Amino acid sequence: MSWQNRIEHGLQQRREAAAYRTRQMNDGASGRWLQLGARRYLNFSSNDYLGLSQDAAVIAAWQQGAARYGVGSGGSGHVTGYSQPHAQLEQQLADWLGYPRALLFISGYAANQGVLAALASADDRILADKLSHASLLEAAAHSEAQLRRFAHNQPDSLQNLLQKPSVGQTLVVTEGVFSMDGDSAPLQALQQHTAAAGGWLLVDDAHGIGVRGEAGRGSCWEQDVKPELLVVTFGKAFGLSGAAVLCQEPVAEYLLQYARHLIYSTAMPPAQAFALQTALVRIQQGDDLRQQLQQRIEQFRRGAAALPLQLGASETAIQPLLVGDNQQTLALAEQLRAAGLWVTAIRPPTVPPGGARLRLTLSAAHQSDDIDRLLEVLYGLCH
């Protein structure tokens, strides 16, 4: 099969499965409202859980940072790209989350890929929750280590795998809050089993940091768990982008030597690191935002309980409505958009076959009337 035939065949497969992905160019910010051309939509697809992407203080900090440091870092952090704002943000994150060190990465995907590639060797094994993010599962699959998946959020399934002999080291991988289902991992049980087997635990808390736990410290803090490796990202509750890995001092030094995604990527702009410091302060002082988000979540779940769609078992900002059929899910998303509500249809391979859903994400920026409008339209479409 030629390159051209292979590409055409792959595209045709996605079209026939109603799984073809497209991008929509918006004409403004992705906050409470989404502007596409002349049409404005209430946005229920953004991961900006606290509305900080539109926060005046965070925006002003980025502008101030750009005026002082320029708009780019100029190189890898190992060359000339590591500046005072980077070092300050790393120290602030480490102090906040109770770790000796934090290392900044350009994205959560890069952080997960870089850490697993640097740590895992041929004799090791990676035991991952089967619904872990693609960045984790792909990195584990491409590493030299053996990858085994345990049943989603089932500590007993993990324990069964841990009881099997292994020549090398064991790394257990999970998320704090799962991105497609919005449910939380039983971190205490996972850590207990991992520690008993002499392994290490990695928790990707992209969707928990900022919105869970005391002062927004995330899922691990909330469950009184301290994994050996904690990945936090800045594209959700922080309202910006990038990521950090929290760890012990020797691990940080090891990653600085061997994590290729860190060594060979241009560092995030200093202005971005400067703005992230302001976002961190807003999160630390953001009990009002977290309370407002929780009110919106509870309001939606009360209203959605009577819908003829399966509501996911989520108490977080991610609220999936399971539909099952790809084409039906796409049709519902289009009908919601026709009513002025921007909702995303999530289909395989992002979720398992038969797991197509409307993935609704709520924000502290939403008003009570926004939730009422969403529920009103959903009722009209489903009854």
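Keep in mind the model is a prediction, meaning the values are calculated, not measured.

### Quick word on the overall build of the chain
Thinking step 1. Counting secondary structure elements, the chain contains 14 helices and 14 strands.
Thinking step 2. In terms of overall dimensions, the chain is globule-like: its C-alpha atoms have a radius of gyration of 21 Å, near the 21 Å expected for 383 residues.
Thinking step 3. With respect to the principal axes defined by its C-alpha atoms, the chain has extents near 55 × 55 × 50 Å.
Thinking step 4. Relative to its full complement of 383 residues, the chain shows a buried share of 54%.
Thinking step 5. Taking contacts inside the chain between residues at least 6 apart in sequence as the whole, the part at least 24 apart equals 69%.
Thinking step 6. Carbon and sulfur atoms make up 49% of the accessible area of the chain, which totals about 17,200 Å².
Thinking step 7. Where the 30 positive side-chain charges of the chain centre and where its 34 negative ones centre are 5 Å apart.

### Quick notes on the packing of aromatic side chains
Thinking step 1. Overall, the coordinates contain 5 aromatic pairs when judged by the stated rule.
Thinking step 2. Seen in terms of ring centroids, tyrosine 69 and phenylalanine 274 are 6.2 Å apart; in terms of plane orientation they differ by 50 degrees. Their pairing is tilted. Of this pair, tyrosine 69 sits in helix α2 (residues 56–69) while phenylalanine 274 sits in helix α11 (residues 270–284), and the two are 205 residues apart along the sequence.
Thinking step 3. Given the relative accessible area of 23%, tyrosine 69 is considered partly exposed.
Thinking step 4. Here the aromatic rings of tryptophan 96 and phenylalanine 238 are separated by 6.4 Å at their centres, their planes lie at 75 degrees, and the arrangement is edge-to-face.

### A look at the nonpolar core
Thinking step 1. If you look at the biggest cluster of nonpolar residues, it comprises 76 residues, and the most contacted ones within it are Leu93, Phe238 and Phe300.
Thinking step 2. Among the elements that line this core, the one with the most residues is α11, at 7 residues.
Thinking step 3. Sequence-distant contacts of phenylalanine 300, that is, excluding residues within four places in its chain, are made with Leu311, Gln319, Leu321, Leu360, Leu362, Ile371, Leu374, Leu375 and Leu378.
Thinking step 4. Counting residues in hydrophobic clusters, the runner-up holds 28 residues, among them Ala139, Ala145, Ala243 and Leu255.

### A few points about the UniProt feature "modified residue: N6-(pyridoxal phosphate)lysine" (unreviewed entry) in the chain
Thinking step 1. Under the UniProt annotation, "modified residue: N6-(pyridoxal phosphate)lysine" (unreviewed entry) lies at Lys236.
Thinking step 2. Note that lysine 236 resides in the loop between β8 (229–233) and β9 (243–247).
Thinking step 3. Excluding anything up to four places from it in sequence, lysine 236 contacts Asn47, Asp48, Tyr49, Ala206 and His207.

### Points about the sheet that holds strand β1 (residues 33–36)
Thinking step 1. Taking strand neighbours across the sheet as the criterion, the 3 strands line up as β1-β2-β12 in an open arrangement whose pairing is mixed. Unpaired on one side and paired on the other, β1 and β12 (341–342) mark the two borders of the sheet.
Thinking step 2. The pairing of β1 with strand β2 (residues 39–43) spans 4 bridges and is classified as antiparallel. The partner of tryptophan 33 across the bridge, within β2, is leucine 42.

### Concerning the UniProt feature "domain: Aminotransferase class I/classII large" (unreviewed entry) in the chain
Thinking step 1. The UniProt entry lists residues 41–378 under the feature "domain: Aminotransferase class I/classII large" (unreviewed entry), expressed in the numbering used here.
Thinking step 2. Helix makes up 42% of residues 41–378 and strand 17%, whereas the separation of the span's terminal C-alpha atoms amounts to 15 Å.

### Focus on the sheet that holds β9
Thinking step 1. Spatially, the 7 strands line up as an open sheet ordered β3-β9-β8-β7-β6-β4-β5, and their pairing is mixed. Bordering the open sheet on either side are β3 (101–105) and β5 (146–150), each of which pairs with just one other strand. Between one strand axis and the next, the sheet turns by 20 degrees as a mean value, whatever way the strands run.
Thinking step 2. Judged from the 4 bridges that link them, β8 and β9 form a sheet pairing that is antiparallel. In the sheet register, valine 232 faces β9, and the bridge partner there is alanine 244.
Thinking step 3. Lying on the sheet, helix α4 (residues 108–119) is in contact with β3, β4 (125–129), β6 (170–175), β7 (200–204), β8 and β9; it crosses β8 at an angle near 160 degrees.

What counts and what doesn't
Residues numbered from 1 in each chain as written. Predicted model: local features only at pLDDT ≥ 70, side-chain atom pairs only at ≥ 80, totals over all residues. Heavy atoms only, no water. Helix = DSSP H or I, 4+ residues; strand = E, 2+ residues; numbered from the N terminus. Rg over C-alpha atoms; globule rule 2.2 N^0.38 Å. Buried < 20%, exposed > 50% of the residue type's maximum accessible area, 1.4 Å probe, protein only. Contact = heavy atoms within 4.5 Å. Areas by Shrake-Rupley, 256 points an atom, 1.4 Å probe, with all protein chains shown as cover. Lys, Arg positive; Asp, Glu negative; His and termini not counted. Charge placed at Lys NZ, Arg CZ, Asp CG, Glu CD. Phe/Tyr/Trp six-rings, centres within 6.5 Å; stacked < 30°, edge-to-face > 60°. Core = buried A, V, L, I, M, F, W, Y, C linked by side-chain atoms within 4.5 Å. UniProt positions renumbered as here; feature names shortened; annotations may be inferred. Pairing = 2+ DSSP bridges. Axes fitted to C-alpha atoms, helices over the stretch in contact; angles between N-to-C directions.

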